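Structural overview
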Amino acid sequence: MAINIDRGFVRISEGQVHVRRVAGADGRRPLCMIHLSPLSSKSLIPLMTGLREVGFDAPLVAPDTLGNGESAPPTPPEPDIPYFADSLARVLDALGIDSIDLFGMHTGARTACEFALAHPDRVHRLVLDGITEYPPETRAL
């Protein structure tokens with residue numbers, strides 16, 4: 001099944017953020033999808049297509065996180081997950097999106113959790129794929 005995936009950019013303080021979008025049914029809450037790092041939203045195209053194939057008709061929004069894909073690099077030399085969650089809030093603001101369902105995969109799942117904690121009024125549903133708790137020595141790497 002072929003779907004129309006629009007690509008564009010929004011500007012936040014760090015620069016331009018690349019966003020893939022699929023239009024959906026009017027009045028449906030968008031599903032924001034956060035990829036794992038160091039990939040980009042391109043890795044979510046099969047999932048976006050699969051959702052449409054099974055009849056999911058909400059708008060889909062998938063930004064490339066800062067420093068990945070075609071998005072500007074992050075500002076801090078060692079950005080953390082709260083920074084990426086804050087940048088997601090600013091991307092959604094630039095897109096004019098207030099309320100979302102949120103999906104995150106691996107690193108994107110961590111960002112999604114942090115975003116939901118920081119902005120509980122903006123997240124209706126949260127779906128996490130591949131979130132893992134790493135031991136301190138792995139985190140240090």
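Treat the numbers as computed from the prediction; the structure is a model and nothing was measured. (Residues numbered from 1 in each chain as written. Predicted model: local features only at pLDDT ≥ 70, side-chain atom pairs only at ≥ 80, totals over all residues. Heavy atoms only, no water.)

Regarding the overall build of the protein chain
Let me state the cut-off plainly: A run of H or I in DSSP counts as a helix once it spans at least four residues, and a run of E counts as a strand once it spans at least two, with each numbered from the N terminus. For a compact globule the rule gives 2.2 Å times the number of residues to the power 0.38, and the radius of gyration it is set against comes from C-alpha atoms.
A tally of regular secondary structure across the protein chain gives 4 helices and 6 strands. The helix and strand sequence of the protein chain, counted from the amino end, reads β-β-β-α-β-α-β-α-β-α. For 141 residues, the compact-globule estimate of 2.2 N^0.38 gives 14 Å, and the C-alpha radius of gyration of the protein chain, at 14 Å, lies within 12% of that figure. The C-alpha extent of the protein chain, read off along each of the three principal axes, is 45 × 30 × 30 Å.

Some points on the environment of Ala 94
Test applied: The buried label goes to any residue with under 20% of its type's maximum accessible area, the exposed label to any with over 50%, and the partly exposed label to all in between, with areas taken from a 1.4 Å probe on protein chains only. Contacts were defined at the residue level, with two residues in contact if any of their heavy atoms lie within 4.5 Å.
Along the chain, Ala 94 falls in helix H2 (residues 81-95). Residue Ala 94 is classed as partly exposed on the basis of its relative accessible area, which comes to 41%. Taking the C-alpha atoms as reference points, Ala 94 and Ala 23, separated by 71 residues in sequence, lie 17 Å from one another. Setting aside residues up to four positions removed in sequence, Ala 94 forms contacts with Val 10 and Arg 11.

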